[in-house]
Amino acid sequence: MTSTVRRIIDCFSDCGGCKNRNGNSRQETLNMNQNTNCAPMLRQGVRLHIQDRYVVMDNGIVQVTLSKPGGIVTGIRYNGIDNLLEVRNKETNRGYWDLHWNEIGGKGIFDVIQGTSFRVIVENEEQVELSFTRTWNPSLEGKYIPLNIDKRFIMLRGSSGFYSYAIYEHLKEWPGFELGETRITFKLRKDKFQYMAIADNRQRYMPFPDDRSNGRGVPLAYPEAVLLVNPMDQRLTGEVDDKYQYSCENKDLRVHGWICFDPPVGFWQITPSDEFRSGGPLKQNLSSHVGPTTLAMFLSAHYAGKYMVPRFEAGEPWKKVFGPVFMYFNSAAYGNDPLWLWEDAKIKMVVEVQNWPYSFPASEDFPKSEQRGNVNGRILVQERYISNENIIASGAYVGLAPPGNAGSWQMESKNYQFWTQANENGFFSIRNLHPGDYNLYAWVPGFIGDYRHEGVITISSGCHIEIGDVIYEPPRDGPTLWEIGIPDRSAAEFYVPDPDPKYVNRLFVNHPDRFRQYGLWDRYTELYPDGDLVYKIGVSDYRKDWFFAQVVRKIGDNAYQGTTWQIKFELNNVDRNGIYKLRVALASATLAELQVRVNDPNSTRPLFTTGLIGRDNAIARHGIHGIYMLYHVDIPGTRLVKGENTIFLKQPRCNGPFQGFMYDYIRLEGPPTPC
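Only a predicted model underlies this, so the values are computations on that prediction, with no experimental measurement involved.

A.B. asks: Is there a simple way to think about the overall build of the chain in this case?
C.D. replies: When its secondary structure is counted, the chain shows five helices and 47 strands. Radius of gyration (C-alpha) of the chain: 27 Å, near the 26 Å computed for a compact globule of 675 residues. By principal-axis analysis of the C-alpha atoms, the chain measures approximately 85 × 60 × 55 Å. Relative to its full complement of 675 residues, the chain shows a buried share of 59%. Taking all contacts inside the chain whose residues are at least 6 apart in sequence as the whole, residues at least 24 apart take part in 70%.

A.B. asks: Help me understand the side chain of threonine 74 in this model?
C.D. replies: Mapped onto the elements of the fold, threonine 74 is located in strand β5 (residues 73–78). When neighbours within four sequence positions are excluded, threonine 74 is seen to be in contact with Tyr54, Thr65, Leu66, Ser67, Asn83, Leu85, Glu91 and Arg94.

A.B. asks: Help me understand the nonpolar core, please; the structure alone is not making it clear to me.
C.D. replies: Counting 106 residues, the largest nonpolar core has Tyr168, Phe267 and Ile379 as the members making the most contacts within it. At nine residues, strand β25 (residues 318–332) tops the list of elements feeding residues into this core. If near-sequence neighbours (up to four positions away) are discounted, tyrosine 168 is found in contact with Trp97, Asp98, Leu99, Ile113, Leu147, Asn148, Ile149, Thr182, Trp318, Lys319, Lys320 and Phe322. Formed by 60 residues, the second largest nonpolar core is a distinct cluster that contains Phe569, Ala592, Ile619 and Phe658.

A.B. asks: What's the story with the sheet that holds strand β15 (residues 217–219) in this structure? I'm lost.
C.D. replies: Across a sheet, paired strands are connected by hydrogen bonds in the backbone, their directions being either parallel or antiparallel. Taken in spatial order, the three strands of this open sheet run β15-β16-β17, and their pairing is antiparallel. In this open sheet, the two strands that pair with only one neighbour each are β15 and β17 (240–241). As judged from the three bridges shared by β15 and strand β16 (residues 226–228), these two strands associate in the antiparallel manner. Opposite glycine 217, over in β16, you have leucine 228 as the bridge partner.

A.B. asks: Any chance you could explain the sheet that holds strand β42 (residues 595–598) here in plain terms?
C.D. replies: In spatial order, the strands read β36-β40-β46-β42-β43; together these five strands make up an open sheet with mixed pairing. Where the open sheet ends on each side, the last strands, each with one partner, are β36 (534–536) and β43 (608–609). When β36 meets strand β40 (residues 563–571), the two strands line up parallel, connected through three bridges. Bridge assignment links valine 534 to a residue of β40, and that residue is glutamine 566.

A.B. asks: Can you help me understand the side chain of aspartate 500 in this one?
C.D. replies: By the secondary structure assignment, aspartate 500 is in the loop between β35 (480–485) and α4 (520–527). On the accessibility criterion, aspartate 500 (16% relative accessible area) is buried. Excluding residues that lie within four positions of it along the chain, aspartate 500 makes contacts with Arg523 and Glu526.

A.B. asks: Which parts of the structure should I look at to understand the environment of valine 574?
C.D. replies: Take valine 574: it is sitting in the loop between β40 and β41 (579–592). Valine 574 gets classed as partly exposed once you look at its relative accessible area, which sits at 21%. In this structure the C-alpha to C-alpha distance between valine 574 and glycine 670, which are 96 residues apart in sequence, comes to 9.1 Å. Valine 574 has contacts with Tyr580, Gly637, Leu640, Val641 and Lys642, leaving out every residue within four places of it along the chain.

A.B. asks: Just checking my understanding: could you explain α4 for this structure?
C.D. replies: The periodicity of an α-helix, 3.6 residues per turn, causes residues three or four places apart in sequence to face the same way. Every buried residue belonging to α4 is among Leu520, Trp521, Arg523, Tyr524 and Thr525, and all of these are buried. Structurally, α4 contributes buried residues whose contacts are with β37 (550–551), β38 (553–556) and β40.

A.B. asks: Got a minute to help me understand the pairing of strand β2 (residues 47–50) in this structure?
C.D. replies: For a regular strand, the rule is simple: side chains alternate between the two faces of the sheet. Two strands pair when backbone bridges link them, and β2 and strand β3 (residues 54–58) are joined in this way by four bridges, in the antiparallel orientation. Following the sheet pairing, histidine 49 is matched in β3 by valine 56. Counting the residues that bridge the hairpin from β2 to β3 gives three residues.

A.B. asks: What should I look at first to understand the packing of aromatic side chains in this one?
C.D. replies: Note on aromatic pairs: each is described by the distance of the centres and the angle between the planes. Considering all chains together, one arrives at 56 aromatic pairs under this definition. For the pair phenylalanine 494 and tryptophan 546, a centre-to-centre distance of 6.1 Å together with 45° between the ring planes defines the contact as tilted. In this pair, phenylalanine 494 is assigned in the loop between β35 and α4 and tryptophan 546 in the loop between α5 (542–545) and β37, connecting sequence segments 52 residues apart. Given a relative accessible area of 4%, phenylalanine 494 falls into the buried group. The exposure class of tryptophan 546 is buried, given its relative accessible area of 1%. Cation over ring: arginine 235 sits above tyrosine 205, and NZ or CZ is 5.8 Å from the ring centre. Above the ring of phenylalanine 312, the side-chain terminus of lysine 414 is found at 4.8 Å from the ring centroid.

About the cut-offs
Residues numbered from 1 in each chain as written. Predicted model: local features only at pLDDT ≥ 70, side-chain atom pairs only at ≥ 80, totals over all residues. Heavy atoms only, no water. Helix = DSSP H or I, 4+ residues; strand = E, 2+ residues; numbered from the N terminus. Rg over C-alpha atoms; globule rule 2.2 N^0.38 Å. Buried < 20%, exposed > 50% of the residue type's maximum accessible area, 1.4 Å probe, protein only. Contact = heavy atoms within 4.5 Å. Core = buried A, V, L, I, M, F, W, Y, C linked by side-chain atoms within 4.5 Å. Pairing = 2+ DSSP bridges. Phe/Tyr/Trp six-rings, centres within 6.5 Å; stacked < 30°, edge-to-face > 60°. Lys NZ or Arg CZ within 6 Å of the ring centre and 35° of its normal.

Here it is as structure tokens:
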């Protein structure tokens, strides 16, 4: 690949003296891999040019221009292209940190973060680190978020890109606020970057931003979704564009970006760690989308709702480091396949992940490797109705997050989280932990519920903690009588219909992520125009007969009605003195209510109701899950009969088209019996 892609090898580590994944030193790696055409650039150190209104970092490979003292990236020169960023945009709308916030009880404010003070932190031939700060004081109340913000930018010798991170700090004497979102945004040149890649199977030529305007695009059910009726590239006519179709879970959102074909150049955003992102490994975030736009998301309420928005009270001190993340650029020779740039970006991503935590950031708020701790152990599952022996929890997600209740990590957004997956023997190692107090959390694919280790785990600098075996006992009262679905926190195993032919994104035709097509919520009304879904245990197949979302039925223009699904099942005998248990795991909920009735659909009071729950909006935003919720319903034996029984799952809320649930898994257990 090195002959196809002219990579600037920066030693599988952008710091001198580090070892690469093969154990070679920086200089050894350069000797083995560097393209001889790049040797003069690699020899050049990092240079800093400070002007009246701008500051320029230049290492001979890439040149980055930032406004001074604002810290806005106004230009990126690379491989003969004067500026990779959109030159038609205002300088403040090219490459920037931004946030969305509000005072307690106030309206939301969007803020492109402009520094008011500039200083050089590190300047030598190996590295330049710059700081652009904005300091808060009471005279700014109501105008700017009450945070001190220090944006940092780093360039290293021989590195084909640059790093950025920021330190946010709230002092206890300052007023409270809510922080809805913060991220880094890059707006690339639309005449250059038209091919987007976010995964091996999620790549395509994208529409131009002009295609979303009147005359070329027609807005659909919400502003983000547009039907392309007269796009500049006529091959895209009839497709739907929506940025939420390109969302990713944190655990998969490591590298994404764009390819220019003339000249062949890649622009990639690499996030080497999830520790500073909110919501844990399954939290979904935006990636790249029409613009061309590339995002580094740190905190957002997407696929979670207002419960994810951190609220900081007056008197509550807080400090957090977001990043560093890496902006990586690569190029290929004319005549070679430019799509190899994606393959190279993945290799570079692996290198950056292996080098985490970086040794070069100068801020004392970013702990280096020797200042962090590690936790090792093994996780097992105790499920006596399945096995008399403990079950190895292979593939379990295990993490450390701030102390809270089981599952609270899903909504945690103020501090740091650290996650890993157990190996095939259930062993896990959580490395590079910040000092502090944590709970150990876990969830195991194939089992319902959440695990939380009872004791608080205190991490100190350089510690290595062996916690031994941890045993998770999933909720269970009795033997399984029947089950629907797979307990994996997703509705992907259920029936996802083809989209309306008028609203197709061709990328997702015959694609594993077919749920990302637009308008699937309306397909329920077309498939069930008169009556609702009826599922018969032992006859129906959840892969074909259980619609992926219990949504409302459309009955007219802006008119909807709630839906009631039925589960029919046979019982050969009934313990009328016993308690049966219905387990309902939800993968998503949006302004919905689940009412459970048994054998009497018209009873005034349901046997169980969740009340109004959920704001994750996963149905509208093409997610297959949002926030996981688990409910346990006691069914007295007196409610059941020998022979056919029916459980009614009613969702009565119907003020809009996107209200409803996605189920993860449903199970009926009989009364307790000896295992």
